[in-house]
Amino acid sequence: MDPVAGFDFTRRLQAVSDRDVGRPHELFLGPANAFDAGRLGDRLLFPREMTWFHGEPVFEAMSDEQRLMLNRLSFCQSYYSTAVAEAATNVLNYEAALDAFIDDDPDVALYMAREVTEETVHIQTFLTVIRKVLAHYGLGLDDLRGANPSLRMAKRYVQGHSLLGWLRGDLHYYYFTRFPLNVNQKTVERCAIDEPDLDPSVREILKNHAIDEARHMQMSRRTGQVALSRMRPWARIPACLAFARFAAGLYIGRHRRDGRLPRETRTRTLMLCGVPEAEARAAYRAWRDRTNQPDDPPLVQAGRLYYVKRNFEYVDSLDVPAWTKRRMKRVIASGYADVLRAERSGELRPLQLDDLERAA
Ligand SMILES: [Fe+2]
Ligand SMILES: [Fe+2]
């Protein structure tokens, strides 16, 4: 039988999820409630080398307290974006579940709906921690959201996929493009978990989150394969190229192409840490143009390479002609030329991320 013929794999995912679904307090909300932003000391909430502007002159000129604040606000921005992206995927997951309840296997629909339950707990958990961190600095959620214009993109993502799904009669394109989002998020999260100076409650939350998300990523990966195999042959090539362009556009660290989203989010977050606007804007330009640090910090480079390698593996797993795979990889590589060059010269290896397990 064709290994990507159907959605039977969701039964295995559901069985794994069933073991944890009754434990939201133990795994997520308990550690979030126990988290105390007033007792952080000098502990971090985000990978040190992934802190925005790490190693730049503006960063070196900041006080120790400001640098810690920037690390923690990098976490808040990153995880508020994650929470909003999870709310966005929930809308699409439930649209897909609705279709499956009506026309397809209701057990598959139940697993799609299960992910909605899990993401809702994740969102509540992140919101609890983020609010405490902001309150510690005398900030509110509106300060954070006002400095993050990327949040609205999640709405456009939902609208675009809902429209496409309505026109096509299925949500195949949505599932097909969800995989790169999962890999991107996983890369940063796993670096945070491995950060030696991370706050222990937040580490526990992120570890439990990464375990759930590893399963969500399997759902994306396998559903994407099935979706592609069910598309009409003429629709597969544009779908593959759209996937590649989407994957190439997601970034960790710096991309060659500048955009309003990284520019405004990073500049305004720097301003929240007390850097005057003119200085913050100049610092962003210098960072973007690689004026002071031509190469990203080693952890950022290794993360970028990890991201691109996992996407290449996924491309290789798809049931499309070899020339399509080559073309997809070329498109993805165009956004990541810096780390692929460093890898060829032997300077760089991707991260090694072994499977995580729940604490007993
Ligand atoms: Fe999540
Ligand atoms: Fe997820």
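Data block above holds the structure.
Residues numbered from 1 in each chain as written. Chains lettered and ligands numbered in written order. Predicted model: local features only at pLDDT ≥ 70, side-chain atom pairs only at ≥ 80, totals over all residues.

Engineer: How would you explain the overall build of the protein if you had to name every residue and give the values?
Structural biologist: Helices and strands together make up the secondary structure of the protein, namely 15 helices and zero strands. Against the 2.2 N^0.38 benchmark of 21 Å for 360 residues, the protein shows a C-alpha radius of gyration of 20 Å, consistent with a compact globule. In terms of principal-axis extent, the alpha carbons of the protein reach across some 60 × 45 × 35 Å. Of all intrachain contacts in the protein linking residues separated by at least 6 positions in sequence, the fraction that spans at least 24 positions is 80%. (Helix = DSSP H or I, 4+ residues; strand = E, 2+ residues; numbered from the N terminus. Rg over C-alpha atoms; globule rule 2.2 N^0.38 Å. Contact = placed C-beta atoms within 7 Å.)

Engineer: Let's hear about the nonpolar core: which residues, and what values?
Structural biologist: By size, the foremost hydrophobic cluster in this structure holds 87 residues, and its most contacted members are Phe53, Cys76, Val129, Ile130, Ala244 and Ile332. With 15 residues, the top contributor of residues to this core is helix α4 (residues 64-103). If near-sequence neighbours (up to four positions away) are discounted, Phe53 is found in contact with Val58, Phe59, Leu70, Leu270, Ala283 and Trp287. (Core = buried A, V, L, I, M, F, W, Y, C linked by C-beta atoms within 7 Å. Buried ≥ 20, exposed ≤ 12 C-beta atoms within 10 Å, placed from the backbone.)

Engineer: Could you give me a rundown of the packing of α4 against helix α5 (residues 106-136), with the residues and numbers involved?
Structural biologist: Helix packing for two helices is described by the angle between their axes and how far apart those axes are. Between α4 and α5, the least distance of the axes is 8 Å, while the angle of their chain directions is 160°. With respect to α5, the axis of α4 lies roughly antiparallel. Crossing angle aside, the handedness with which α4 passes α5 is left-handed. For the contact of α4 with α5, a count of residues per class yields 22 nonpolar, five polar and four charged. (Axes fitted to C-alpha atoms, helices over the stretch in contact; angles between N-to-C directions. Parallel < 35°, antiparallel > 145°, perpendicular 65-115°, else oblique. Left-handed = near helix turned anticlockwise from the far one by under 90°. Nonpolar A, V, L, I, M, F, W, Y, C, P; charged D, E, K, R; others polar.)

Engineer: How would you summarise the environment of Ala333 if you had to cite specific residues and measurements?
Structural biologist: For Ala333, the location among the structural elements is in helix α14 (residues 322-334). Residue Ala333 is classed as partly exposed on the basis of its C-beta count, with 17 C-beta atoms lying within 10 Å. C-alpha separation for the pair Ala333 and Gly249, spaced 84 residues apart in sequence, amounts to 10 Å.

Engineer: Requested: an account of helix α11 (residues 260-272), with residues and values cited.
Structural biologist: Between its first and last C-alpha, α11 extends 18 Å over 13 residues, near the 18 Å set by a 1.5 Å rise per residue. Along α11, the residues that are buried comprise Pro262, Thr265, Arg266, Thr267, Arg268, Thr269, Leu270 and Leu272. Buried positions along α11 lie against α3 (57-60), α4, α6 (141-146) and α12 (277-288). With its phi angle positive at about 100°, Gly274 sits one or two positions after the end of α11. (Expected span 1.5 Å × (residues − 1).)

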